[in-house]
Amino acid sequence: MRIVRFTTGSEPSYGVVTGEVDEFGQPADDSVIVAIAGDPLYVGISLLDQEHRLSDVKLLAPVLPRSKVVGIGRNYAAHAAELGNDLPAEPLMFLKPNTSVIGPDDPIYYPRQTQDLHYEGELAVVIGRICRDVPPEQATDVIHGYTIANDVTARDLQRSDGQFTRAKGFDSFCPLGPWIETDLDPQHFSDGVRLQTHLNGEVVQDGSTADMIFDIPALIAHVSSVMTLLPGDVILTGTPEGVGPMEVGDEVEISIAGLGTLTNKVATR
């Protein structure tokens, strides 16, 4: 089930996207959104007698984390190597503020404080209920679904600060979307799910979630051993190799098999 958060020009609403999809899970523009009552994280799925063409609405970030976005660094060996970093002995966590979240087609603003702004395509996990100390074998019980993320990073600030808060915390540094897929389970695919990032139409990242150092159950277990996770919290699971700079005017498209494509352009702040 593909759950979207959208607007037709008034208050944001939630809905379910229906129709056929392509190999990456992207539906056609003439697909239909069936509206649902309230936030499905809290009231479940209750369909309304309201329909909208997908092409007639503006999609918003499918979830607005009320608490936090938890990032995982260096979770792909090749990515750690391309930046000259050692592999972590346990998941490397950092936080992005919920004010960094934007939706599909929203601009990524290039801050004046950086000269080296990077894209990082990632699979994102959306938590479905309050949980703490989740055993890996029970991790799927607390997952609401999956979406696509761009863990935008000011690489020069990351190097100069020696930690990640400023480099990854600017407004617009966490695009999410285009929807939440509740039926996808990357753990069921021995080859993982494919992730591609295009910069101005050129493939710059082409990886698989099978290459994660720490898999999704291990990440949920580790994060929840430190902090309580709340409904709507998002865990970014790391990025494959191929990260690189973006400039004002660039368009970044991140596609994950079964999840569709998240597109954002870089703009002057």
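Fair warning: this is a prediction, and the values are worked out from it, not measured in the lab.

1. Details of the pairing of strand 16 (residues 202-208)
Then, in step 1: Pairing of strand 15 (residues 194-199) with strand 16 involves six bridges; the strand directions are antiparallel. Bridge pairing in strand 16 links Leu195 to Gly207.
Then, in step 2: In this antiparallel pair of consecutive strands, strand 15 and strand 16, the connection spans two residues, and Asn200 shows a positive phi of 55 degrees.

2. Thoughts on the sheet that holds strand 10 (residues 117-119)
Then, in step 1: One open sheet accounts for three strands, arranged 13-10-18; its pairing is antiparallel. Lying at the two open borders of the sheet, with one neighbouring strand each, are strand 13 (153-154) and strand 18 (244-245).
Then, in step 2: By the bridge criterion, two bridges tie strand 10 to strand 13 in an arrangement that is antiparallel. Among the inter-strand pairings, Leu117 is bridged to a residue of strand 13, identified as Ala154.

3. Observations regarding unusual backbone geometry
Then, in step 1: That bond from Gly177 to Pro178 is cis: its omega, 0 degrees, falls within 30 degrees of zero.
Then, in step 2: Residue placement: Pro178 occurs in strand 14 (residues 174-181).
Then, in step 3: Its identity is not glycine, yet Arg74 carries a phi of approximately 55 degrees, on the positive side.
Then, in step 4: In this structure, Arg74 sits in the loop between strand 6 (69-73) and helix 2 (77-82).
Then, in step 5: The partly exposed category is assigned to Arg74, whose relative accessible area is 26%.
Then, in step 6: Positive phi outside glycine occurs at Asp105, with the angle close to 70 degrees.

4. Let's talk about the environment of Gly25
Then, in step 1: Locating Gly25 in the fold gives a position in the loop between strand 2 (13-18) and strand 3 (32-36).
Then, in step 2: In the structure, Gly25 is positioned 64 residues away from Ala89 in sequence and 34 Å away in space, judged by C-alpha atoms.
Then, in step 3: Residue contacts for Gly25: discarding those within four places in its chain leaves Arg2, Trp179, Gly258, Leu259 and Gly260.

Parameters and conventions
- Numbering of residues starts from 1 in every chain and runs along the sequence as written.
- Given that this is a predicted model, residues contribute local features only at a pLDDT of at least 70 and side-chain atom pairs are listed and counted only at 80 or more, while totals for whole chains, interfaces and linings are drawn from all residues.
- Processing note: side-chain calculations cover all non-hydrogen atoms of the structure and skip hydrogens and water entirely.
- By definition, two strands form a pair when at least two bridges between them are found by DSSP.
- By definition, any uninterrupted DSSP run of H or I lasting at least four residues is a helix, any uninterrupted run of E lasting at least two residues is a strand, and each is numbered from the N terminus.
- The classification of residues rests on relative accessible area computed with a 1.4 Å probe and restricted to protein chains. Under 20% of the type maximum is buried, over 50% is exposed, and intermediate values are partly exposed.
- Contacts are assigned to residue pairs that have any heavy atoms within 4.5 Å of one another.

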